[in-house]
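Topology and contacts: notes
Listed below, chain by chain, are the residues.
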Amino acid sequence: MISIFSRKNKLKIRKDILRGVYEENLFMLGRGRPALSLRRPFPLKKILLSAVVCLIAFLMQSQYIGTSFSPAELTANMSTDLFPLPAARVSAELPPDMSKYSLPPATDVSSEDTANTAEFSAFENSRNVPLSRMLGLKIRTIMIDAGHGGTHSGSIGKMGTIEKDITLDIAKRLKAHLGQKGGTHVLMTREDDSFVPLDKRVALTRETKADLFISIHVNYLPRIPTNIIETYYFGPSDDRNILRLAEQENAGSEYGLSDFREIMEKLGKTMKLQESKEFAKFIQANLFLNSRKHSEDIQNHGVKRAPFVVLLGVDVPAVLAEVSCLSNREEERKLNSESHRENIARYLAAGIFDYLNKGALTHEANR
Amino acid sequence: MKPIDEQDNVLFVGIDLGTSRSAISSSNGMREWIESYVGWPKDFIAEQVVGKPVLFGAEALQHRLSLDFCRPLERGIIKEGIESSERAVKEIIRHLIDLSKPEPGQKIRAVVGVPADSLKVNKLAIRRAVVEYVHTLMVVSEPFAIAYGMNLLNNALIIDIGAGTIDFCIMHGTIPSEEDQRTILTAGDYIDEQLFNYLIEKYPNSKFNMNMVRQFKEKFSFVRDINEQIHVELPVDGKPVMHDIKDEIRRACESMLPSLVETTTEMIARFDPEFQMKIKNNIVLAGGGSLIRGIARYLQDALKEYGTCKVTCVADPLFAGADGALKLAQDMPFKYWETL
């Protein structure tokens, strides 16, 4: 009798397991689990839940508007500038407890303005109006730079993921996203696994008369257990870690000292610096805020200055985004899935669109 | 119940897509395996030399200097979007299916076992790679396929020691969830790296490469002690010289043990104490790493302080995964196959 019961039990387990395998594979195909496996929530519960979500959303929106602008500021902004402050837009996306992952301290960005020359002061007061709009300029060409390539692998994760492969894939996806909008020519410094020296990347950007430059990289910080996101624009830095990173990313630049002196003169082009900083802010905000939706463990290392040669060489607004962190095992695992890389590309595209529009509602988080 | 004519016209296959070796077992009795390496001739001249558009396994290794060489599941995952990795997986699957010799027009229903990590992150990439060559497909984790094949459906811990990863899978009467499975990277490739470094340290003037080191490991691996000497011939300044590598083999193999023991105890400790005893008496080692001499005994002794336990090894590590996947394919009700 016991053996019959035991046999029946084993058969039931086997049957359940086979159904489990089937359901898992069905789920994998995106067809969802069969209704038998799902608990249907009570309709009233569903309705109440929706109502609560709507109410919270409404209250949060009111709160953000209240904290971002005083009524006077709001009126002033509305009357004098068609486009609200980008900082306000970014803050509108922050959750209430944002203080713990807020953008980096002012030293990272605002204190850097002292480096700018006096001729730039005219732009200082109108920093929220993009130069492209102020001067009636348009962004016709965007250059995407996939970091490393060929013999320069970049970082390699513990599972063998190679930075150059990830950056190329994200760059291609970003190109596709930007291309979908039309009206803008999107180019890449490399489209395959080839080594392109940094000076060639810069030359290519100049030759093609690109109006915007974004370089995609992946961090490797074994001492930091979490995933971090940070965006750089060109400028001097005293931070040893940043200088070490710059040394790594500048490897293979093939610039000589004489070239460097000539290039240094370009520092006078403060408009580029200022625009790069603005551009970096939008990229960083979009990357971090949207990535944060998928993972609690992301740290926002904000917008920073660093002496990356590739950023110095190009004449147009240029940023280098460290979009992820290969030393974090969970992040490395995620980077091997297409959906994660696709998301990163989407957030970069959203950052670019936000920079270009500055004020129009294109933020990825608003979708 | 499926119609007889349809039953006859279906070939069920179980595929074990491994980091180092991939195997296929099919319902027509064919059982084949290849090393999970793929190579494409680098240029026209290389193609003339190797005489084939694509090479697999040992043959690819032999001609690796003339090839764009790819080991697609290195470290247990496919690098999605990286063209060569996905292409290599496709080639391996196509080659394995060809080796199983399906009849023309025969429907192929496949269950593919993949490293647990790969199942977590590469589900769609695996489907894309396989779906071209089969009519219907299911993907499962390798240790689960092994457990199913061995009828270890309840109160068992399967430890699949592969080249790229060691996959742990606890079976408790249901399909294992992500929480029931763990993966660590200190596996066969890690031993190779350690052995390579130890040999360089001991014999700095001798010439050898990673492939040779892997062969030494596969031939001589052991933990604790064995009553035999291990000598291999390596060139020094062009002359073949015998080298004693016993200590280095032991050290390299034992370098994997701390993480193996630690993860095993962690996996067991997560379960209700009532079931812990049952699981401890049903630990099964699979994969190429289970062939390391003395490893089951070592693990059993290491776990003694937590109470009695029993560790065994699968009889046929090369085909345990593929056989389990085949059994799963054949047991799967017809209605499930039809709706996928």
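Residues numbered from 1 in each chain as written. Chains lettered and ligands numbered in written order. Predicted model: local features only at pLDDT ≥ 70, side-chain atom pairs only at ≥ 80, totals over all residues.

Topic: the overall build of chain A
Keep this limit in mind: To qualify as a helix, a DSSP run of H or I must reach at least 4 residues; to qualify as a strand, a run of E must reach at least 2; elements of each kind are numbered from the N terminus. Note on burial: count the other C-beta atoms lying within 10 Å of the residue's C-beta; 20 or more is buried, 12 or fewer is exposed, in between is partly exposed, and C-beta positions come from the backbone. Placing a C-beta atom from the backbone of each residue, one calls two residues in contact when those atoms lie within 7 Å.
Assigned secondary structure in chain A consists of 14 helices and six strands. Counting only residues that meet the buried cut, chain A has 39% of its 367 residues in that class. Taking the intrachain contacts of chain A between residues at least 6 apart in sequence as the baseline, contacts between residues at least 24 apart amount to 80%.

Here we look at the interface of chain A and chain B
Heads up, the rule is: Nonpolar residues are Ala, Val, Leu, Ile, Met, Phe, Trp, Tyr, Cys and Pro. Charged residues are Asp, Glu, Lys and Arg, and all others, Gly as well, are polar.
Across the contact, 23 residues belong to chain A and 27 residues belong to chain B. Taken together, the residues of the side of chain A that touches chain B sort by class into eight nonpolar, six polar and nine charged.

Focus on the packing of helix 11 (residues 257–269) of chain B against helix 13 (residues 295–302) of chain B
Residues and elements named next belong to chain B. Note the cut-off: Axis lines are fitted to C-alpha atoms, over the contacting stretch for helices. Their N-to-C directions set the angle, which ranges from 0 to 180 degrees. Oblique is the label for every angle not falling under 35 degrees (roughly parallel), over 145 degrees (roughly antiparallel), or within 65 to 115 degrees (roughly perpendicular). We call a crossing left-handed when the near helix sits turned anticlockwise from the far one by less than a right angle, and right-handed when that turn is clockwise.
Their axes nearest at 10 Å, the elements helix 11 and helix 13 cross at an angle of 50°. It follows from the interaxial angle that helix 11 and helix 13 lie oblique. Here helix 11 runs over helix 13; the crossing is right-handed. Residues Leu257, Leu260, Val261 and Thr264 of helix 11 pack against Tyr298, Leu299 and Ala302 of helix 13. The class makeup of the residues in the contact of helix 11 with helix 13 is six nonpolar, one polar and no charged.

Overview of the packing of helix 8 (residues 188–202) of chain B against helix 9 (residues 210–220) of chain B
Packed helix pairs are characterised by how far apart their axes lie and by the angle those axes make with each other. Residue and element names in this part refer to chain B. Viewed as axis vectors pointing N to C, helix 8 and helix 9 meet at an angle of 110°, and their least axial separation amounts to 9 Å. Regarding the angle of helix 8 to helix 9, the classification is roughly perpendicular. Contacts between helix 8 and helix 9 pair Ile191, Asp192, Leu195, Phe196 and Leu199 from the former with Met210, Val213, Arg214, Phe216 and Lys217 from the latter. Partitioned by chemical class, the residues of the contact of helix 8 with helix 9 number seven nonpolar, no polar and three charged.

Section: unusual backbone geometry
Residues and elements named next belong to chain B. Unusually for a residue other than glycine, Lys101 sits at a positive phi of about 50°. As for its position among the elements, Lys101 is in the loop between helix 4 (83–99) and strand 7 (107–114). Even without glycine at this site, Asn155 takes up a positive phi of about 55°. Structurally, Asn155 is set in strand 9 (residues 154–161).

Structural notes on the confidence of the model for chain B
Low-pLDDT stretches of the model should not have their predicted coordinates read in fine detail. Residue and element names in this part refer to chain B. Formally: Confidence of the prediction at every residue is given by pLDDT, a number between 0 and 100.
Across chain B, pLDDT averages 87, with 94% of residues at or above 70. Within chain B, no element has a lower average pLDDT than helix 1 (residues 4–8), which sits at 51, and none a higher one than strand 14 (residues 283–286), at 96. Within the model, the stretch residues 1–5 combines pLDDT values under 50 with two contacts to residues more than four positions away or in other chains. Taken together, the chains of this predicted complex give a pTM of 0.55 and an interface ipTM of 0.81.

Here we look at helix 9 of chain B
Residue and element names in this part refer to chain B. Worth spelling out the cut-off: Arc definition: directions from the helix axis to the C-beta atoms.
All of the buried residues in helix 9 are Val213, Phe216, Lys217 and Phe220. Here the buried residues of helix 9 occupy an arc of 100° about the axis, which is enough to place them on one side. Those residues of helix 9 that are exposed and angled more than 90 degrees off the buried face are Asn211 and Lys219. Taken together, the buried residues of helix 9 touch helix 8, strand 12 (231–236) and helix 10 (246–254).

Overview of the sheet that holds strand 4 (residues 38–41) of chain B
Residue and element names in this part refer to chain B. Short version of the rule: Pairing between strands is defined by DSSP: at least two bridges between the two strands are required.
Taken together, the three strands give an open sheet; going across it, the order is 5-4-6, and neighbouring strands pair in antiparallel fashion. The two strands at the open ends of the sheet, each matched to only one other strand, are strand 5 (55–56) and strand 6 (67–70). In this structure, strand 4 lies alongside strand 6, joined through four bridges in antiparallel fashion. Bridging from a neighbouring strand, Trp40 pairs with Asp68 of strand 6.

Describing the sheet that holds strand 2 (residues 21–26) of chain B
Residue and element names in this part refer to chain B. The sheet built from five strands is open, its strands ordered 3-2-1-7-8 with mixed pairing. The open sheet has two edge strands with one neighbour each: strand 3 (31–35) and strand 8 (136–141). When the angles between neighbouring strand axes are averaged without regard to direction, this sheet yields 15°. The strands that helix 7 (residues 142–149) touches are strand 1 (10–17), strand 7 and strand 8; relative to strand 8, the one it contacts most, it runs at about 95°.

Structural notes on the nonpolar core
Heads up, the rule is: Nonpolar core, as used here: buried Ala, Val, Leu, Ile, Met, Phe, Trp, Tyr and Cys residues forming one set through C-beta atoms within 7 Å. Boundary definitions for the domains trace back to an automatic or database domain assignment.
Within the largest apolar cluster, 96 residues are counted, with the highest numbers of intra-cluster contacts made by Val13, Ile15, Ala110, Val112, Ile158 and Ala325 of chain B. Shared between two domains, this core takes at least three residues from each, and those domains are domain 1 (4–148 + 319–339) and domain 2 (188–254) of chain B. Once residues lying within four places of it in the same chain are set aside, the contact partners of Ile15 of chain B are Ser22, Ile24, Ile93, Leu96, Ala110, Val112, Gly113, Ala322 and Ala325 of chain B. Residues Phe282, Leu312, Val316 and Tyr355 of chain A belong to the second largest nonpolar core, which totals 62 residues.

Side note on the pairing of strand 3 (residues 212–219) of chain A
All names here are of chain A. Among the eight residues that make up strand 3, eight are buried, leaving the element largely enclosed by the rest of the structure. Every second residue of strand 3 is oriented toward a common face, with Leu212, Ile214, Ile216 and Val218 on one face and Phe213, Ser215, His217 and Asn219 on the other, all of them buried. Bridge count between strand 1 (residues 141–146) and strand 3: five bridges; the pairing is parallel. Counted as the bridge partner of Ala146 is Ile216 from strand 3. Two strands pair when backbone bridges link them, and strand 3 and strand 6 (residues 318–325) are joined in this way by six bridges, in the parallel orientation. Paired with Ile216 across the two strands is Ala321, which belongs to strand 6.

Side note on the environment of Ala315 of chain B
All names here are of chain B. When you line up the elements, Ala315 lands in the loop between strand 15 (311–313) and helix 14 (320–331). Of the residues examined, Ala315 has 10 C-beta atoms within 10 Å and is grouped as exposed. For Ala315 and Ser290, which are 25 residues apart along the polypeptide, the C-alpha to C-alpha distance reads 9.7 Å.

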